[in-house]
Amino acid sequence: MHGYACIKKKFMKLNKRNILTTLFSLFIITCFAQDGAVSANDSNFMMSDGKIFVVMSVVVVILIGLFIYLFNLDRKITRLEKNKD
Amino acid sequence: MQQTVRNLFFHVPMWFCMQTLFIISVIYAVRYLSNPNSKYDCYSAEFARTGVVFGVLGLITGAIWANYQWGAPWSGDPKQNGAAIALLIYLAYFVLRGSITDEAKQARLGAVYNIFAFAMLFPTIWILPRMTESLHPGGRGSEGNPGLNPNDTTPEMEMVFLPAIIGWILLGIWISTLFARLRLYKEKIYETK
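Now for a description of the structure that goes with this document.

What counts and what doesn't
- Residues numbered from 1 in each chain as written.
- Chains lettered and ligands numbered in written order.
- Predicted model: local features only at pLDDT ≥ 70, side-chain atom pairs only at ≥ 80, totals over all residues.
- Heavy atoms only, no water.
- Helix = DSSP H or I, 4+ residues; strand = E, 2+ residues; numbered from the N terminus.
- Expected span 1.5 Å × (residues − 1).
- Buried < 20%, exposed > 50% of the residue type's maximum accessible area, 1.4 Å probe, protein only.
- Contact = heavy atoms within 4.5 Å.
- 1 Å grid on protein atoms, 1.4 Å probe; cavity = no way out; pocket = protein on both sides within 12 Å on 5 of 7 lines; lining within 4 Å.
- Points joined across faces, edges and corners; volume = space filled by probe spheres on them.
- Nonpolar A, V, L, I, M, F, W, Y, C, P; charged D, E, K, R; others polar.
- Buried area = accessible area lost by both parts, 1.4 Å probe.
- Salt bridge = Lys/Arg side-chain N within 4 Å of Asp/Glu carboxyl O.
- Polar contact = N/O pair within 3.5 Å; in protein donor to acceptor, adjacent residues only side chain to side chain.

### Focus: helix 3 (residues 78-99) of chain B
Residues and elements named next belong to chain B. In this model helix 3 runs 31 Å from its N-terminal to its C-terminal C-alpha over 22 residues, within 8% of the 32 Å that 1.5 Å per residue would give. Residues of helix 3 that are buried: K79, Q80, G82, A83, A84, A86, L87, I89, Y90, Y93, F94 and R97. Elements that come into contact with the buried residues of helix 3 comprise helix 1 (11-34), helix 2 (38-69), helix 4 (103-131) and helix 5 (155-192).

Below, the structure written as structure tokens:
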């Protein structure tokens, strides 16, 4: 049991470092901060191609919403299954 | 409008589905009051819950569409306000149910409040928005009904619109019955334990 706890502790340490590395690597995104800010009105992504991406985002929102609702159902079923034993 | 008119198949059926689910919910509420069976209460509550989910999705998708069509996600349009008020009234239904611990009382008061909330749908989303000027179609001084502006759509789109409504409504009913069945099953298990 002691060995297992030791491994677990080491893993947690490693995990923390990984998370930090991932987070810091995301700072590269700031390089793009000013791209596209120029003339945002003419070349707005959402306004391009006849605003079709507005429709896309609406569909994505509905799908995500329904999926969250159904995951909620999944959680309830799991809880019931655990309680039965 | 450009391509965003295609939201007709997604944003608008959300409201049709919400309305249908609330109708089914109030029917079960009335059935519970005439015959206090906890099965009716389960169905009533779960249909109302899924109706609220579809209503919230309708509000969010409407806000996205409005942001790119009217320039702001929320412009205080009478239909936006009416739908938000109607949803708040239904949210209070769950607050009321959650605040009562006695099951029979919870179901009975819930059913009575459900009928009130359903009655409030008529002024908030059916009558008042039609009497005022609105950015939506179907207000005073604009063409069509709240669901459809004939100037923006083609007959082909209406042909797709109807099956889309039916499909979304059936999806909503199916999800609600799943939740209700799970809840009934849970009640049965705890009774036998």
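### As for the layout of surface pockets
All names here are of chain B. Space inside the second largest pocket adds up to approximately 460 Å³. At the level of secondary structure, the elements contributing two or more residues to the lining of the second largest pocket comprise helix 2, helix 4 and helix 5. Classifying every residue of the lining of the second largest pocket gives seven nonpolar, three polar and ten charged.

### Some points on the interface of chain A and chain B
Across the contact, 24 residues belong to chain A and 29 residues belong to chain B. When chain A packs against chain B, close to 2600 Å² is buried across both sides, 78% of that on carbon and sulfur atoms. Our count for the contact surface shared by chain A and chain B stands at zero salt bridges. For the pair chain A and chain B, the number of links is five residue pairs in polar contact (both at pLDDT 80 or more). Tallied by class, residues from the side of chain A that touches chain B come to 15 nonpolar, five polar and four charged.

### So, the pattern of salt bridges
Residue and element names in this part refer to chain B. All chains considered together, the criterion is met by three salt bridges over all chains. Across the pair E46 and R49 runs a salt bridge, and its minimum N-O distance is 3.2 Å. Here E46 and its partner R49 are both found in helix 2, three residues apart, which amounts to about one turn of the helix. Exposure remark for R49: the relative accessible area of 27% places this residue in the partly exposed category. Through salt bridges with shared partners, a single network forms among E46, R49 and R183.

### A short note on unusual backbone geometry
One non-glycine residue, K51(A), lies in the positive phi region at around 60°. Judged by its relative accessible area of 10%, K51(A) falls in the buried class.

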